[in-house]
Amino acid sequence: MRRRAVLTAGALAGALALAGCSGSGSGRPDLSVGSSYMPQPVSADIAAGFLTITNKGGAQDRLTSVTSSVAGQVTMHSTVGGAMEEKSSFVIPAHGQLVFKSGGNHLMFEKLKRKPEQGQKVTVKLTFAKSGPLTVEMPVRSATYNPSANQSTGH
Ligand code: CU
């Protein structure tokens, strides 16, 4: 009886370890990007961008840099109490989301090479610490476009 109990416990531990390694989504980030858009910029130098990154995986990831063919530089900003702050990275929690939206976190496209116009798409490359690069075709919307009408603009 005693020997059988030990064996059972050992088999159970093995099964759990296996599940931890190979279970779908667990232990690794699984990222997708949605709801991306750029309001057509008013200025010829600078534009904002918004998107939602969803992580279905069991491990967090970090957005570490953003680049775009239309901009010399893309920076990541958070808005806290109405003031914006540049950030070097953003965490996407396991089974969570990172949201860039008007009035909150946002991307800033600086040193624009051309002025994006409504109806165009802007290629944006997001680089993550674990998942590597992900390219998004970000549609350019009207200057006043806002998916949730109750929010104030970030700038
Ligand atoms: Cu900003």
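Going by the structure above, here's the rest.
Just so it is clear, the model here is predicted, and its values are computed rather than measured. (Residues numbered from 1 in each chain as written. Predicted model: local features only at pLDDT ≥ 70, side-chain atom pairs only at ≥ 80, totals over all residues. Heavy atoms only, no water.)

**Digging into the coordination of the copper ion**
Part 1 of the argument: Surrounding the copper ion are the protein donor atoms His77 (ND1), Met84 (SD), His106 (NE2) and Met108 (SD), at 2.1 to 2.3 Å.
Part 2 of the argument: What the four donor atoms of the copper ion show is an angle range of 91 to 127° at the metal, which sorts the shape as tetrahedral.
Part 3 of the argument: Coordination of the copper ion draws on donor residues from a single chain, spaced H-x6-M-x21-H-x1-M in sequence. With histidine 77 in strand E4 (residues 71-80) and methionine 108 in strand E8 (residues 106-112), the pair connects residues that are 31 residues apart, well separated along the chain. Each member of the pair, histidine 77 together with methionine 108, is buried. (Donors = N, O, S within 2.8 Å, 3.2 Å for Na, K, Ca; no water. Tetrahedral: all angles 85-135°; square planar, octahedral: opposite > 155°, others 65-115°. Helix = DSSP H or I, 4+ residues; strand = E, 2+ residues; numbered from the N terminus. Buried < 20%, exposed > 50% of the residue type's maximum accessible area, 1.4 Å probe, protein only.)

**Observations regarding the pairing of strand E9 (residues 121-128)**
Part 1 of the argument: Only one face of E9 is covered, namely the one carrying Val122, Val124, Leu126 and Phe128; the face carrying Lys121, Thr123, Lys125 and Thr127 has none of its residues buried.
Part 2 of the argument: Relative to E9, strand E3 (residues 61-68) is paired through five bridges, and the arrangement is antiparallel. Looking at the pairing, serine 68 lines up with valine 124 of E9.
Part 3 of the argument: Inspection of the sheet shows E9 paired to strand E10 (residues 132-141) by eight bridges, in the antiparallel sense. Looking across to E10, one finds that valine 124 is bridged to valine 136.
Part 4 of the argument: Where E9 folds back on E10, the antiparallel hairpin that results is connected by three residues. (Pairing = 2+ DSSP bridges.)

**Some remarks on the nonpolar core**
Part 1 of the argument: In terms of nonpolar packing, the biggest core is built from 25 residues, with Ile53, Leu63, Val66, Phe100, Leu107, Phe109 and Leu126 touching the most fellow members.
Part 2 of the argument: Considering every element that reaches this core, the biggest residue donor is E9, with four residues.
Part 3 of the argument: The contacts of valine 66, once residues within four sequence positions are left out, are Val74, Met76, Leu107, Val124, Lys125 and Leu126. (Core = buried A, V, L, I, M, F, W, Y, C linked by side-chain atoms within 4.5 Å. Contact = heavy atoms within 4.5 Å.)

**Some thoughts on the side chain of aspartate 61**
Part 1 of the argument: Mapped onto the elements of the fold, aspartate 61 is located in strand E3.
Part 2 of the argument: Lysine 130 provides the closest opposite charge to the buried, unpaired aspartate 61, separated from it by 5.7 Å.
Part 3 of the argument: Engagement of the side chain of aspartate 61 in a polar contact is seen with the backbone nitrogen of lysine 130, the distance being 2.8 Å.
Part 4 of the argument: Side chain to side chain, aspartate 61 and serine 131 meet in a polar contact 2.6 Å long.
Part 5 of the argument: Non-local contacts of aspartate 61, meaning those with residues more than four positions away in its chain, are made with Pro29, Leu31, Asn55, Phe90, Val91, Ile92, Phe128, Ala129, Lys130 and Ser131. (Lys, Arg positive; Asp, Glu negative; His and termini not counted. Salt bridge = Lys/Arg side-chain N within 4 Å of Asp/Glu carboxyl O. Polar contact = N/O pair within 3.5 Å; in protein donor to acceptor, adjacent residues only side chain to side chain.)

**Quick look at the environment of arginine 141**
Part 1 of the argument: Tracing the backbone through its elements, the reader meets arginine 141 in strand E10.
Part 2 of the argument: By relative accessible area, arginine 141 is classed as partly exposed at 34%.
Part 3 of the argument: As for arginine 141 and glutamate 117, which are separated by 24 residues in sequence, their C-alpha atoms are 7.9 Å apart.

**Re the packing of aromatic side chains**
Part 1 of the argument: A complete count under the given rule lists three aromatic pairs for this structure.
Part 2 of the argument: Relative to tyrosine 145, the ring of tyrosine 37 has its centre 4.8 Å away and its plane inclined at 75°; by these criteria the two rings are edge-to-face. Of this pair, tyrosine 37 sits in strand E1 (residues 31-39) while tyrosine 145 sits in the segment after E10, and the two are 108 residues apart along the sequence.
Part 3 of the argument: Taking relative accessible area as the criterion, tyrosine 37 reaches 4% and is therefore assigned buried.
Part 4 of the argument: Between the aromatic rings of phenylalanine 90 and phenylalanine 100, the centroid separation amounts to 5.1 Å while the plane-to-plane angle is 75°, which identifies the pairing as edge-to-face. Separated by 10 residues along the polypeptide, phenylalanine 90 in strand E6 (residues 90-92) and phenylalanine 100 in strand E7 (residues 96-100) bring together distant segments of the chain.
Part 5 of the argument: Positioned above the aromatic ring of phenylalanine 90, the side-chain terminus of lysine 87 is 5.7 Å from the ring centre. (Phe/Tyr/Trp six-rings, centres within 6.5 Å; stacked < 30°, edge-to-face > 60°. Lys NZ or Arg CZ within 6 Å of the ring centre and 35° of its normal.)

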